[in-house]
Amino acid sequence: MTFINKLSAAWTANDSLLCVGLDPDMAKLPAQFQNDPQGIFHFCREIIDATADLACSFKPQIAYFAALSAEDQLEQICAYVREHYPHIPLILDAKRGDIGATARQYAREAYDRYGADAVTVNPYMGSDSVEPYMEWSDRGVIILCRTSNAGGSDLQFLDVGGKPLYQHVARLVAEKWNSNGQCALVVGATFPEELAQVRAIVGDMPLLVPGIGAQGGDIAATVTSGRTANGTGMMINSSRAILYAAPQGSEDFAAAARRVAEETRNAINQHRG
């Protein structure tokens, strides 16, 4: 099954556009995981089990694992999702971007080592830095377009032939780069007007939308701006707001994560049309 087919099925099966981000921060993990050599895996496993019926995708951010030399636990987490929830897309958030030969190794890392259904990539080096990912014809390539951080405007708003650069990227991906039909774009919830403009350019192409929850993006504006005609088309990510929903020691962390994930999923669904 291709990434797009799996994602479409997950939208329907779980009635959800919610992507649960897995960004384990040791300083924020519950006490029982602090001195556990497998604490990151055990924590993420509990979050996955608590939210799997509420999510359309899971998105581990590789830096949170690599910084702690915990790539082996990331492998375990990815394997756990594939074994227990094979119907839910697994997105490796890596934002890779390099020349073709190196890009091919990054693609092997994402698709072969971690078994990801999709990976985030940076388009700054152009088409030949993205093409190696297309060699895995069933996997997704999620390309940075209009990111949720304020500093993204430093480059993404530069004028390119009368249009801002982010719109040029959206058009490139939609019209030239999407050879396998498995591309998606990253567009932040913090910029709903730009989100609507990207949707108008790319049609029904899926959008990975960070920026709700801890970053403060408005759910109603996000869904209204980014949904497709059938009320899908988005993976609206929330990481910290779900992972650390319970102040340490005040509530069961997995129950709190499920509560916030369900609240977020339901709030999104109110505006899907």
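Residues numbered from 1 in each chain as written. Predicted model: local features only at pLDDT ≥ 70, side-chain atom pairs only at ≥ 80, totals over all residues. Heavy atoms only, no water.

The name given to the chain in an unreviewed UniProt entry is Orotidine 5'-phosphate decarboxylase, and the organism recorded there is Duganella margarita. Among the UniProt annotations of the chain, the heading Sequence similarities (unreviewed entry) holds the following wording: "Belongs to the OMP decarboxylase family. Type 2 subfamily." Check the Catalytic activity (unreviewed entry) section of the UniProt entry for the chain; it says "orotidine 5'-phosphate + H(+) = UMP + CO2". (UniProt positions renumbered as here; feature names shortened; annotations may be inferred.)

A.B. asks: Could you clarify how one ought to interpret a nonpolar patch on the surface in this entry?
C.D. replies: On the surface, a nonpolar cluster with roughly 530 Å² of combined accessible area is contributed by I99, Y124, M125, L155 and L158. In this fold, L158 is placed in the loop between α7 (153–156) and β6 (159–160). Since its relative accessible area comes to 43%, L158 is described here as partly exposed. (Patch = residues over 30% accessible without salt bridge, like charges linked within 9 Å, V, L, I, M, F, W, Y side chains within 5 Å. Areas by Shrake-Rupley, 256 points an atom, 1.4 Å probe, with all protein chains shown as cover. Salt bridge = Lys/Arg side-chain N within 4 Å of Asp/Glu carboxyl O. Helix = DSSP H or I, 4+ residues; strand = E, 2+ residues; numbered from the N terminus. Buried < 20%, exposed > 50% of the residue type's maximum accessible area, 1.4 Å probe, protein only.)

A.B. asks: What's the story with the UniProt feature "active site" (unreviewed entry) in the chain in this structure? I'm lost.
C.D. replies: The feature "active site" (unreviewed entry), as given by UniProt, occupies K95 in the numbering adopted here. Summarising the element assignment, K95 is placed in strand β3 (residues 91–96). Apart from the residues within four sequence positions on either side, K95 is in contact with Q61, T120, V121, N122 and L144. Here D93 takes part through its side chain, which lies 2.8 Å from a polar atom of the side chain of K95. (Contact = heavy atoms within 4.5 Å. Polar contact = N/O pair within 3.5 Å; in protein donor to acceptor, adjacent residues only side chain to side chain.)

A.B. asks: Explanation requested: the environment of M134 in the structure shown.
C.D. replies: Note that M134 resides in the loop between β4 (118–121) and β5 (140–146). M134 sits 47 residues away from G181 along the chain, and the two C-alpha atoms are 9.6 Å apart.

A.B. asks: Can you help me understand the packing of aromatic side chains in this one?
C.D. replies: The geometry of two aromatic rings is summed up by the distance between their centres and the angle between their planes. For the structure shown, the criterion picks out nine aromatic pairs. The interplanar angle of 90° and the centroid separation of 5.3 Å between the aromatic rings of F33 and F253 together place this pair among those described as edge-to-face. Placement of the pair is F33 in helix α2 (residues 31–34) and F253 in helix α12 (residues 253–269), with a sequence separation of 220 residues. Comparing F33 with F253, the two get one shared label, buried. Ring pairing ties together the aromatic residues F33, F43, Y244 and F253, which thus form one cluster. Looking at R146, its charged tip hangs above the ring of Y166, at a distance of 5.9 Å from the centre. Residue placement shows R146 over the ring face of F191; its charged tip is 3.8 Å from the ring centre. (Phe/Tyr/Trp six-rings, centres within 6.5 Å; stacked < 30°, edge-to-face > 60°. Lys NZ or Arg CZ within 6 Å of the ring centre and 35° of its normal.)

A.B. asks: Would you mind showing me how to read the nonpolar core here?
C.D. replies: Generally speaking, soluble globular proteins have nonpolar side chains that are buried together. Residues I143 and L185 are the most contacted members of the largest nonpolar core, which totals 92 residues. Ignoring any residue separated from it by four or fewer positions in sequence, one finds L185 in contact with I142, I143, C145, A170, V173, V198, V202, M205, P206, L207 and L208. (Core = buried A, V, L, I, M, F, W, Y, C linked by side-chain atoms within 4.5 Å.)

A.B. asks: Help me out: how do you make sense of the packing of helix α9 (residues 192–202) against helix α10 (residues 219–226) in this one?
C.D. replies: The geometry of a pair of packed helices is captured by two quantities: the angle between their axes and the separation between those axes. Where α9 contacts α10, the two axes come as close as 8 Å, and the packing angle between them is 15°. For the element pair α9 / α10, the angle class is roughly parallel. Crossing geometry of α9 relative to α10 is assigned as right-handed. Note on element contacts: α10 touches α9 through A221, T222, S225 and G226, opposite P192, L195, A196 and R199. Residues of the contact of α9 with α10, tallied by class, amount to four nonpolar, three polar and one charged. (Axes fitted to C-alpha atoms, helices over the stretch in contact; angles between N-to-C directions. Parallel < 35°, antiparallel > 145°, perpendicular 65-115°, else oblique. Left-handed = near helix turned anticlockwise from the far one by under 90°. Nonpolar A, V, L, I, M, F, W, Y, C, P; charged D, E, K, R; others polar.)

A.B. asks: How do you make sense of helix α3 (residues 39–51) when you look at a structure like this?
C.D. replies: Given 3.6 residues per turn, any residue in an α-helix points the same way as the ones three and four places further on. Here α3 is 13 residues long and its end C-alpha atoms lie 18 Å apart, about the 18 Å a rise of 1.5 Å per residue gives. Buried within α3 we find G39, I40, F41, F43, C44, I47, I48, A50 and T51. (Expected span 1.5 Å × (residues − 1).)

A.B. asks: What's the story with the pairing of strand β1 (residues 18–22) in this structure? I'm lost.
C.D. replies: Regular strands place side chains that alternate from one sheet face to the opposite one. In terms of residue burial, β1 counts as a mostly covered element, since five of its five residues are buried. Covered by surrounding structure in β1 are L18, V20 and L22 together with C19 and G21, the residues of both alternating faces. By the bridge criterion, three bridges tie β1 to strand β10 (residues 234–238) in an arrangement that is parallel. Directly across from V20, in β10, lies its bridge partner S238. Both β1 and strand β2 (residues 57–60) contribute to a ladder of four bridges, which runs parallel. Bridge assignment links C19 to a residue of β2, and that residue is S57. (Pairing = 2+ DSSP bridges.)

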